[in-house]
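In case you want the letters, here they are:
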Amino acid sequence: MKRSTLIIVFLLLITVGLLISKSMVSNNYSTSGPELAKMDTQVKEYKTENILLKEKLLKLSSLNQISSEAGKIGFVERKSYFSLSKSVPLAKR
Amino acid sequence: MIWRFKLVLLLINLAFFLVILRLGYWQIVKAEELSLMGQKQYGLSSEIFPKRGEIKTSDEFSLAANKISYLVYANPKLIEDKLATSKKLAETLEIEEASISANLKRDLFWVTIAKDLGVEKKQQVEDLKIPGVGFEERFDRFYPEGSIAAQLLGFVGKDDLGENKGYFGIEGYYDRLLSGKTGKVINVRDAFGRPVLARVREISPKIDGSDLILNIDRAIQYLAEKKIKEGVIRYGAESGMVGIINPKTGEVIAIATYPGFDPVNFKDYDSKRYKNPFITDLYEPGSTFKPLVMSSAMDAGLVSPTTKCDICSGPVSIGGYSIETWNKKYYPNINMTDVIRHSDNTGMVFVGQKLGVGKFLEHLNKFGIGYLTGIDLQGEVVAEMREKDSWYPVDLATASFGQGISITPIELLSAISAIANEGKRMEPHVVKEIISPDGKRTKIKPKVLNRPISSETAKVMTEIMVNAVDKGESSWVKLKDHRIAGKTGTASIPIAGHYDPKHTIASFVGFGPAENPKFAMLVVFNRPKSSIYGAETAAPIFFSIAKELVSYYGIAPDR
């Protein structure tokens, strides 16, 4: 076989090989787009859920809410204070 | 033959030159236009709105957070039965069918149907499964504590372009930091103009706004709001306000005003309510101003606590005006300690005359009177002091007891805090820390502005103010176990060239505990009706808040 023929056959083989490889790779990755889009949507949904839950949490832990709940279960505002202004003697002779 | 080669070469060069020229025209002169044309063919450009930064109290609880809302839009070209669609949307969104129908009839690719939809409403519209109807996610302000600190926070409205913009208070002052930067993306389309979901090209990224951590203590702010509201109702005042700061650092712990407004529905309120009166309302401070004048004279070595007043045996006549005491009682040879205790106007005229206009203005300037305090809130105002030459003797006399001089409450509180802080005046600051979107925290350090009086003068003045609380008109509400320094104020209100004979501004300013102050506070009531006196209106509210504060801070009794 002539040298030039060999080169042509070699180039043809390489071309066919690369075409097959490309088809295989494309086949493998062709479903990744929708998967990626699905994951993006999921991330977005979780983010939205986080914000909604945070909103609920803030509402429930606000002082207005706590004060109103405390009143319902019987807590009352402190009206008088006491403080230990002088040291109390332990014993007197 | 050579001339032919040359001609061909010239023609080829000319052709290349023309190509280069054309390329230059496209790539330099027409670059932007062509780029936009390309983008339009390639995809649809849209904006990504950043999340506005949150405003949190010192315990990192959000006073102003974000909630998700949705904008419903439609592509009229994709909607076949416009009438049926309008009807369905109108029923679900509870809006006029005619307005939706009019929008859908427009020859556009994108029309707004409704704004500010909650998650449930959005789901209801989504369930209709109408082709050509979509949603745009947006963030709206949400206030977990309701209208608490509304005038301190400000609100978020719209600018001329319909974009979110902060107005008043913290939202206004820190708008650029809180806003972030709108991003721009291109949704890539295929040859038929259909969007390729997985292909979004980002032109400029969105940058979320920074969060702000305030010095505001949520519990104290809540307490102050409650007490000032109670006070306004109890004393029949037109309005009331209280400001509490840490005199050692200038940290603003609370600023509460009543009446306020609802920052979500701010449009339902008179725009006058948007301003925070603690930084925007000029008033004559009356007797709460006396400690500043007295400490100035003491610092200048012109009087001492035992100096006797030799003009205090009766009304003082100056420039044809007669200056009297508030209760028409006179104390001949009264000393300076008792001048403050009895809030004696004639005694303050004596002090003012000792100072003279020059020293009076010089010392008040050092206290920051006539200058902006530099508080980080939008809308602070100031009344500049008049030039020295335009002061008449009677002006100096009345200004010595706080009349004929206009200041803002924050100006007074900042100046009184200098007495509490051993003579050092701090810059009042609402924001403690800035958290950038990447989590980097930047602390705002306390800033010493100047030292209007020496620490010795500050100590003496503190004792005089403690004496005023213990033995003065407000002694009936003082704290039994804690030494609080303070001064009452009952100021006349100037109206149309004279003073209102019926109404006053009643106030009380002070700090505690006297030895090692944790708070400085100013309570002001505008035109109280049940009593016109500060000792009977502002003082009880001051001490009722102070009582809670000593308990909250765990301050040991010092008597």
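Residues numbered from 1 in each chain as written. Chains lettered and ligands numbered in written order. Predicted model: local features only at pLDDT ≥ 70, side-chain atom pairs only at ≥ 80, totals over all residues.

With that out of the way, let us pick up the overall build of chain A. Tallying secondary structure elements over chain A gives three helices and zero strands in all. The order of helices and strands in chain A, counted from the N terminus, is α-α-α. For chain A, buried positions account for 3% of its 93 residues. (Helix = DSSP H or I, 4+ residues; strand = E, 2+ residues; numbered from the N terminus. Buried ≥ 20, exposed ≤ 12 C-beta atoms within 10 Å, placed from the backbone.)

All names here are of chain B. As for its placement among the helices and strands, Val550 is situated in helix α17 (residues 538-553). With 68 residues separating them in the primary sequence, Val550 and His482 have C-alpha atoms 8.3 Å apart. Those residues in contact with Val550 that lie beyond four places of it in its chain are Leu479, His482 and Ile555. (Contact = placed C-beta atoms within 7 Å.)

Let us now look at the pairing of strand β19 (residues 485-495) of chain B. Residue and element names in this part refer to chain B. Burial runs high along β19: eight of the eleven residues are buried. Relative to strand β20 (residues 498-512), β19 is paired through ten bridges, and the arrangement is antiparallel. If you follow Ser492 over to β20, its bridge partner there is Thr504. In this antiparallel pair of consecutive strands, β19 and β20, the connection spans two residues, and Ala496 shows a positive phi of 45°. (Pairing = 2+ DSSP bridges.)

It is worth spelling out the interface of chain B and chain A at this point. Taken residue by residue, the interface counts 18 residues in chain B and 15 residues in chain A. At the level of elements, β3 (62-74), β9 (195-204), α9 (218-235) and α17 of chain B are the ones that each hand at least two residues to the side of chain B that touches chain A. Considering each element in turn, the side of chain B that touches chain A owes the most residues, four residues, to β3(B). Grouping the amino acids of the side of chain B that touches chain A by side-chain chemistry returns nine nonpolar, three polar and six charged. (Nonpolar A, V, L, I, M, F, W, Y, C, P; charged D, E, K, R; others polar.)

Turning our eyes to something else, we now look at the nonpolar core. Residues and elements named next belong to chain B. Ranked by size, the top nonpolar core spans 126 residues in total, and within it Val242, Met521 and Phe542 carry the most contacts. For this core, the leading source of residues is α17, giving nine residues. Counting eleven residues, the second-largest nonpolar core is a separate cluster that includes Leu104, Ile113, Ala114 and Val133. (Core = buried A, V, L, I, M, F, W, Y, C linked by C-beta atoms within 7 Å.)

The next point concerns the packing of helix α13 (residues 345-366) of chain B against helix α14 (residues 393-400) of chain B. Residues and elements named next belong to chain B. Two elements in contact, α13 and α14, have axes separated by 8 Å at closest approach and are oriented at 115°. Our pair here, α13 against α14, has a crossing hand that is right-handed. Side by side, α13 and α14 meet where Met348, Val349, Val351, Gly352, Val357 and Phe360 of the first sit next to Leu396, Ala397, Ala399 and Ser400 of the second. (Axes fitted to C-alpha atoms, helices over the stretch in contact; angles between N-to-C directions. Left-handed = near helix turned anticlockwise from the far one by under 90°.)

Glancing now at the sheet that holds strand β11 (residues 239-245) of chain B. All names here are of chain B. Across the sheet, five strands lie side by side as β12-β11-β21-β20-β19; this open sheet has antiparallel pairing. Only two strands of the sheet have a single neighbouring strand rather than two, namely β12 (252-258) and β19. Ignoring which end each strand starts from, the neighbouring axes of this sheet average 10° apart. Sheet analysis places β11 next to β12, joined by six bridges and oriented antiparallel. Bridge pairing in β12 links Ile245 to Val252. Against the sheet, helix α16 (residues 455-471) contacts β19 and β20, and its axis sits at roughly 80° relative to β19. Sheet strands in contact with α17 are β11, β19, β20 and β21 (519-526), and its direction is about 150° off that of β21.

To continue, consider the environment of Met426(B). All names here are of chain B. Residue position: Met426 is located in strand β15 (residues 425-426). Residue Met426 is classed as buried on the basis of its 23 C-beta neighbours within 10 Å. Distance in space between the C-alpha atoms of Met426 and Ala114 is 49 Å, their sequence separation being 312 residues. Ignoring any residue separated from it by four or fewer positions in sequence, one finds Met426 in contact with Thr249, Gly250, Ser417, Asn421, Pro446, Lys447, Val448 and Leu449.

Further remarks concern the packing of helix α11 (residues 290-299) of chain B against α16(B). All names here are of chain B. Put simply, α11 and α16 touch, their axes get as near as 10 Å, and they point 140° apart. Classified by the angle between their axes, α11 and α16 sit oblique to one another. Both α11 and α16 take part in a crossing whose hand is right-handed. Within the contact between the two elements, α11 uses Pro291, Met294, Ser295, Met298 and Asp299 and α16 uses Thr457, Val460, Met461 and Met465. (Parallel < 35°, antiparallel > 145°, perpendicular 65-115°, else oblique.)

Before going further, it helps to examine the environment of Ile8(A). Residues and elements named next belong to chain A. The topology assignment puts Ile8 in helix α1 (residues 3-29). When the 11 C-beta atoms within 10 Å are taken as the criterion, Ile8 is described as exposed. A sequence separation of 47 residues divides Ile8 from Glu55, and the C-alpha atoms of the two residues are 70 Å apart.

A separate point is the confidence of the model for chain A. The predicted model of chain A has a mean per-residue pLDDT of 84, with 84% of residues at 70 or higher. The least confident element of chain A, judged by mean pLDDT, is helix α2 (residues 32-60) of chain A at 86; the most confident is helix α3 (residues 63-72) of chain A at 92. (pLDDT = per-residue confidence, 0-100.)

It is worth spelling out unusual backbone geometry at this point. Leave glycine aside and you will find that most residues have negative phi; peptide bonds, for their part, are mostly trans. Residues and elements named next belong to chain B. The amide bond that connects Tyr258 to the next residue, Pro259, takes the cis arrangement and shows omega of 0°. Inspection of the secondary structure puts Pro259 in the loop between β12 and α10 (277-280). Between Gly512 and the following residue, Pro513, the backbone shows a cis peptide bond with an omega angle of -15°. Looking at where Pro513 falls in the secondary structure, it is placed in the loop between β20 and β21. Within the chain, Glu94 stands out as a residue other than glycine whose phi angle is a positive 55°. If you trace the backbone, Glu94 turns up in the loop between α3 (82-93) and α4 (97-104). Since 9 C-beta atoms lie within 10 Å of it, Glu94 is described here as exposed. Phi is positive for Ala149, close to 60°, though the residue is something other than glycine. Within the secondary structure layout, Ala149 lies in the loop between β5 (133-142) and α6 (150-153). On the neighbour-count criterion, Ala149 (31 C-beta atoms within 10 Å) is buried.

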